[in-house]
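# Summary of structural features
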Number of protein chains: 2
Amino acid sequence: MKFPKKVRICEVGPRDGFQSVVQWIETSDKIEVVKRLFEAGVDLMEVTSFVSPKAIPQMQDAAEVVQSLKGTPYIGKAFALVPNKKGADRAVENGINRLAVVISASEAHNMSNVRKTPAQSLKELSEIRKAYPQIHIKLSLATAFGCPFEGEVPMERVQEVVDGAVTLGIHDICLCDTIGVAVPTQVSRIVAELKLNHPQIDWSLHLHNTRGLAAANTVAALEEGIDRFETAAGGLGGCPFAPGASGNMATEDMVYLLDELGIVTGVNVNKVIAATEFMTSRTGCSGDSKINSVTIHKIFQGRGAV
Amino acid sequence: MKFPKKVRICEVGPRDGFQSVVQWIETSDKIEVVKRLFEAGVDLMEVTSFVSPKAIPQMQDAAEVVQSLKGTPYIGKAFALVPNKKGADRAVENGINRLAVVISASEAHNMSNVRKTPAQSLKELSEIRKAYPQIHIKLSLATAFGCPFEGEVPMERVQEVVDGAVTLGIHDICLCDTIGVAVPTQVSRIVAELKLNHPQIDWSLHLHNTRGLAAANTVAALEEGIDRFETAAGGLGGCPFAPGASGNMATEDMVYLLDELGIVTGVNVNKVIAATEFMTSRTGCSGDSKINSVTIHKIFQGRGAV
C-alpha cells in the first residue's frame, strides 16, 4: 500500500453537520465549535452555508458565524457553501475568501437541491467566477458516486460537470458521496480516471458512512493519491435534500486512521474529540463517530475492570 | 484491486454476539436465530460455546442449542467455541463436529481468559487434537493484532502460537482482532507474512469494528487473498474478557460489501437483515450494523419524502 505522506483535512461539521440538525443551535455555540476545530489543526473548514433561511433555517446565522472569524488567521481557511450567485454575493459581502459551490452530477438531485439542471448550475458558477475573480472557488460535486433518485450516475454526467468547471478555471474539485453509496473499487476507478484526465486539479473526497464504507473508501482514495478529505466532527451530517444521507465520515475517525497509517495531518485527534464532546453536550445532536475518549486508548488500565 | 472470486462467511453472532449480552436470551430464540442465519446461506457458524456457566451464564444452554441441529444439514457446518479440553469434551458429547479452540497470542489476555499461558493452552490444544482426531479443529487466535492489556503484540508471539498449532496438524486458523485495533497496513503485513510461511493453512479473519476500520481491514485482507471471514449478524458482540471489544463486523455489512465488490458469498443479505430484526426484537440487544432494511436500498421511492 502506497499512500501520500501528508493529508489535508477540511472540516465540514459546522456546515454539513449542523444543517441537518432541526433543533436550533445557538450562534455562540456554533462559533465556539468552529474555533475549537480550527484550534485542533484542520487545514480548512466549511464554517456555514449561505442558503435560503426558509429552506434551511439552521443556517440563517451564516453572516454572524463568518464575521466572528474576522481579524483571526482562520478567516483565510474558511469556506462557505453556496448553491447560487445570491449566496455567493452574501458570503463575499460578509468577508468569505473561499466559496464551495455545490452542483450535483445527477439532474434529479440538482433539481431537488436548487431547481436547476447541472448545466444551468454551471452557468451560475460561471457568473460567480466572473463576479469574484479574486475568490478561491471549490466545486463540491454532489452525487458523484450515486443519486438517491436516479441510482447509478453515469461517468459522463460526472465528467460533464468536471469539464464545465475546468473550463471556468476552477482548480479545486471535491467528489462528494452525498448518500454514502460509494464502494472502494468504484472510488479507485473514478478517481483514477478523473486524475488522469485532469492532473492539474486539486482533487478531494467527501465521504458519508451511511453503509459503513467511508474508511474503506478513504484507503482506496489514498492509494490513488488523494491527499485531501472532507470530514465532520462527531460524524454528524447529511444532506437535507438527500434522504438517508446521514453520517459524514467523522473527523476523529479519519485522523485516527491517518495517524495509524503514519500519514501526517497536523490535526490533534484529542482536540477533535473534545470539540465533539462540547458540541454534543451543547447542541444535543449526536453523531456517529467510533473514536472517542474511550476508544482512542488501545490499552485498558486496571484489569479488574474486565 | 484484485480479490478472491468467492468468500466464505462464518457467522459468529450466536456465540460472540450472544455471549456479551447480559440479559438472558431464551434458548428457543437462540435456536431460531441460528436456523434463520443458516437459511440465509452462511457456510459455517459458531452456534455457541462450551464455557463455564459461572463465567458466561448466557452460554449455559450450549448443549440444547447444538442438539437442536441434530438431523439437519446444519450440524456439519456448526462450530462450538471451547477454551479447554473440558469444553471440547462437552461439545463432542453433544454432537459437535467442529471445534473452535481459542488461544490468545498475548499472555496477559490468555491468562485473563483461561488462566493459562499461551504455551499451556497449546498443550491443552494438543490433548484435544489427540482425543478427537476425527473432529475438525479451528484455532481462533485472539489478540493477533493487539491486546487490551499489553498493547502491541509482537509478531513472534503470533508466530509461536501459529507454529504450535501447525505442528499439531491444525489446518484452520482464524486471526482475531479481538478488540478492534487492527489497521489495513498491519492486516496486509501480518497476513502476507503468515501466508508466506504457512501457505497450506486455511486462513480466516475475525474483525471487530470498535474503531470503525473493520470494512477497510476486510478490503486489505481480500487484497492479500483472504477468502473467509467471521462476522456477527447485527454487528453484535465482543469478548467479555476484552474491555471495549464491542461490535463484530456485521454479517449484513460484510455481505453488502462483498456483493458490491462482485464477490460471491451465497449469502442472501435480506435474509440476514430479517434475522437481525428478529434477533433484536426478541432479545432486546442492539448491535451496530450499518446495513438494514432502509440502507440496503440505494434509491429512495417518493421524492416527496425529502
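Residues numbered from 1 in each chain as written. Chains lettered and ligands numbered in written order. Predicted model: local features only at pLDDT ≥ 70, side-chain atom pairs only at ≥ 80, totals over all residues.

### Things to note about the overall build of chain A
Put simply, the rule reads: Numbering of helices and strands starts at the N terminus; helices are DSSP runs of H or I of at least 4 residues and strands are runs of E of at least 2. Residue pairs are scored as contacts if the distance between their C-beta atoms, which are placed from the backbone, is within 7 Å.
Helix and strand content of chain A: 11 helices and eight strands. For chain A, restricting intrachain contacts to residue pairs at least 6 apart in sequence, the fraction spanning at least 24 positions comes to 74%.

### Examining the relation of the copies chain A and chain B
Our working rule: Copies overlap after least-squares fitting; the atoms used are the C-alpha atoms of residues with pLDDT of at least 70 in both.
Least-squares fitting of chain A to chain B yields an RMSD of 0.0 Å, with the transformation described by 0.0 Å of translation along the axis and a rotation of 180°. Considering both components of the superposition, the chain copies are consistent with a two-fold axis. For chain A, the smallest separation between a C-alpha atom and the rotation axis is recorded for A216(A), amounting to 1.9 Å. A share of 100% of the interface residues of chain A reappears at the interface of chain B, consistent with the copies meeting face to face through the same patch.

### Considerations on the environment of Q186(B)
Which entries qualify depends on this criterion: Remark: C-beta atoms are placed from the backbone, and a residue is labelled buried if 20 or more other C-beta atoms sit within 10 Å of its own, exposed if 12 or fewer do, or partly exposed between those counts.
Along the chain, Q186(B) falls in helix α8 (residues 184–197). Classification of Q186(B) by C-beta neighbours within 10 Å gives buried; the count is 20.

### Overview of helix α2 (residues 27–39) of chain B
Residues and elements named next belong to chain B. Definition in use: What a helix is expected to span follows from its residue count: subtract one and scale by 1.5 Å. It is the directions from the helix axis to the C-beta atoms that the arc portrays.
Between its first and last C-alpha, α2 extends 18 Å over 13 residues, near the 18 Å set by a 1.5 Å rise per residue. Along α2, the residues classified as buried are K30, I31, V33, V34, L37 and F38. The buried side chains of α2 occupy one side of the element, clustering within an arc of 160° when seen end-on. On its buried face, α2 is in contact with β1 (8–11), α1 (13–17), β2 (44–49), α3 (62–67) and α11 (269–283). Two residues or fewer past α2, G41 is found with a positive phi of approximately 110°.

### Here's the deal with the confidence of the model for chain A
Residue and element names in this part refer to chain A. What counts is decided by this rule: Per residue, pLDDT measures the predictor's confidence, with a range of 0 to 100.
Summarising the model, chain A shows a mean pLDDT of 94, and 95% of its residues fall at 70 or more. Predicted confidence is poor over residues 302–306, with pLDDT under 50, and the contacts of this stretch with residues over four places away or in other chains come to seven contacts. We note a pTM of 0.95 for the whole complex and an ipTM of 0.93 for its interfaces.

### A few points about the interface of chain A and chain B
Selection criterion: When residues are sorted by character, Ala, Val, Leu, Ile, Met, Phe, Trp, Tyr, Cys and Pro go into the nonpolar class, Asp, Glu, Lys and Arg into the charged class, and all the rest, Gly among them, into the polar class.
Taken together, the contact pairs 36 residues of chain A with 36 residues of chain B. Looking at the side of chain A that touches chain B, the elements that each hand over two or more residues are α8 (184–197), α9 (214–223) and α10 (251–260) of chain A. At four residues, α10(A) tops the list of elements feeding residues into the side of chain A that touches chain B. Grouping the amino acids of the side of chain A that touches chain B by side-chain chemistry returns 21 nonpolar, nine polar and six charged.

### Some points on the packing of helix α6 (residues 118–131) of chain B against helix α7 (residues 155–167) of chain B
All names here are of chain B. Heads up, the condition is: Whenever a helix is involved, its axis is fitted only over the stretch in contact; in every case the axis is a line through C-alpha atoms, and angles between N-to-C directions fall within 0 to 180 degrees. Oblique is the label for every angle not falling under 35 degrees (roughly parallel), over 145 degrees (roughly antiparallel), or within 65 to 115 degrees (roughly perpendicular). Two helices crossing with the near one rotated counterclockwise from the far one by less than a right angle form a left-handed crossing, whereas a clockwise rotation gives a right-handed crossing.
The geometry of α6 relative to α7 is characterised by a closest axis approach of 10 Å and an angle of 15° between their N-to-C directions. Accordingly, the angle class assigned to the pair α6 and α7 is roughly parallel. In this structure, α6 meets α7 at a crossing whose hand is right-handed. Contacts between α6 and α7 pair P118, L122 and L125 from the former with E160, V161, G164 and A165 from the latter. Each residue belonging to the contact of α6 with α7 can be placed in one class, and the counts come to five nonpolar, one polar and one charged.

### Observations regarding unusual backbone geometry
Notably, R115(A) is not glycine yet its phi reads approximately 55°, a positive angle. Within the secondary structure, R115(A) sits in the loop between α5 (107–114) and α6 (118–131). Of note in the backbone geometry, T143(B) takes a positive phi value of approximately 50° without being a glycine. Relative to the helices and strands, T143(B) is located in the loop between β5 (136–142) and α7. We classify T143(B) as buried; it has 32 C-beta atoms within 10 Å.

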